[in-house]
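# Structural characterization, general
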Amino acid sequence: MALLVRVLRNQSSISQWVPVCSRLIPMSPTQGQWGRALSGTSQKIKIAALRMYTSCVEKTDFEEFFLRCQMPDTFNSWFLITLLHVWMCLVRMKQEGRSGKYMCRIIVHFMWEDVQQRGRVMGVNPYILKKNMILMTDNFYAAILGYDEGILSDDHGLAAALWRTFFNRKCEDPRHLELLVEYVRKQMQYLDSINGEDLLLTGEVSWRPLVEKNPQSILKPHSPTYNDEGL
């Protein structure tokens, strides 16, 4: 199995990648007393943002994307897949007013912390990693702009955005583009069906399969469980 997939699978929790303060955040109601020590909406949103970003990297089947989209198993491919899922979360949370936009900022913060830590663990030279981080930052904001325009357009517009960013203008098989357009559309429909207040409280999302057994099926999301502190 390739190095990247081994690295991803060997991590028991995203908490190993985030800053020290974030490691104190329990990922379930039974872990520790940190949740009770927090006060204020912003702290609760930070917890939800961490969980949402965790869903992007721990609930995504990267191997299926590598296989079905014929992507090389590399750090850059991992980033492109993660970026796509983070963007979908940002689109959804921007609909939740000021709190949702604040949550978007925190999700992006966790993403960059994660990217940096993974690069170090994989042995990327610090100088090269710094240069790559600058390049990835530029690519990230360009991708967000392109995806935003694509999602508001028809399928041709979305396919063009995915071709430029996700496939880096190198997709030779139109079926791969068609598959990814369908994936983004159905996933956004699924995320839109989740109650916004629940997302702000829990940050819990799941991802539909890249290839559906029943293409006509859009599953109703499970109701999240949380206590009065949103945990």
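Residues numbered from 1 in each chain as written. Predicted model: local features only at pLDDT ≥ 70, side-chain atom pairs only at ≥ 80, totals over all residues. Heavy atoms only, no water.

### Examining the nonpolar core
- Judged by nonpolar contacts, the single largest core of 66 residues is most densely connected at L162 and F166.
- Those elements that place two or more of their residues in this core are α4 (41-58), α5 (62-68), α6 (75-93), α7 (97-121), α8 (126-151), α9 (155-165), α10 (174-192) and α11 (196-202).
- Excluding anything up to four places from it in sequence, F166 contacts F65, C69, M71, L80, I81, L84, Y147, A161 and L180. (Core = buried A, V, L, I, M, F, W, Y, C linked by side-chain atoms within 4.5 Å. Buried < 20%, exposed > 50% of the residue type's maximum accessible area, 1.4 Å probe, protein only. Helix = DSSP H or I, 4+ residues; strand = E, 2+ residues; numbered from the N terminus. Contact = heavy atoms within 4.5 Å.)

### Comments concerning the pattern of salt bridges
- Scanning the model with the defined rule gives 10 salt bridges in all.
- The closest approach of N and O atoms between D155 and R185, which form a salt bridge, is 3.0 Å. On the criterion of sequence distance, the pair formed by D155 in helix α9 and R185 in helix α10 is long-range, its members being 30 residues apart.
- A residue is classified by how much of its surface remains accessible, and R185, at 26% relative accessible area, is partly exposed.
- Between E212 and K186 there is a salt bridge; the shortest N-O distance is 3.2 Å. In this pair, E212 sits in the segment after α11 while K186 sits in helix α10, placing the two residues 26 residues apart along the sequence.
- In this structure E212 comes out as buried when scored by relative accessible area, which is 14%.
- With relative accessibility at 7%, the residue K186 sits in the buried group.
- The structure contains a network of salt bridges with shared partners spanning R92, E96 and D192. (Salt bridge = Lys/Arg side-chain N within 4 Å of Asp/Glu carboxyl O.)

### What about the packing of α9 against α10?
- Contact geometry of α9 with α10 gives a least axis separation of 9 Å together with a crossing angle of 110°. Judged on the interaxial angle alone, α10 and α9 are roughly perpendicular. Considering only the axes of α9 and α10, their crossing is right-handed. Every residue of α10 that contacts α9 at D155, L158, A159, L162 and W163 is listed here: L177, L180, V181, V184 and R185.
- Taken together, the residues of the contact of α9 with α10 break down into 8 nonpolar, no polar and 2 charged. (Axes fitted to C-alpha atoms, helices over the stretch in contact; angles between N-to-C directions. Parallel < 35°, antiparallel > 145°, perpendicular 65-115°, else oblique. Left-handed = near helix turned anticlockwise from the far one by under 90°. Nonpolar A, V, L, I, M, F, W, Y, C, P; charged D, E, K, R; others polar.)

### Digging into α10
- The end-to-end C-alpha separation of α10 is 27 Å, in line with the 27 Å expected for 19 residues at 1.5 Å each.
- Tucked inside the fold, the buried residues of α10 contact α5, α6, α8 and α9. (Expected span 1.5 Å × (residues − 1).)

### Section: unusual backbone geometry
- One non-glycine residue, Q70, lies in positive phi territory at about 50°.
- Assignment of secondary structure puts Q70 in the loop between α5 and α6.

### Notes on the layout of surface pockets
- In this model, the second largest pocket occupies a volume close to 270 Å³.
- Taken together, 16 residues make up the lining of the second largest pocket; nearest its centre are Q70, M71, P72, F167 and K170.
- Element by element, the count of residues in the lining of the second largest pocket is highest for α6, at 3 residues.
- Here the lining of the second largest pocket is built from residues that sort into 7 nonpolar, 6 polar and 3 charged. (1 Å grid on protein atoms, 1.4 Å probe; cavity = no way out; pocket = protein on both sides within 12 Å on 5 of 7 lines; lining within 4 Å. Points joined across faces, edges and corners; volume = space filled by probe spheres on them.)

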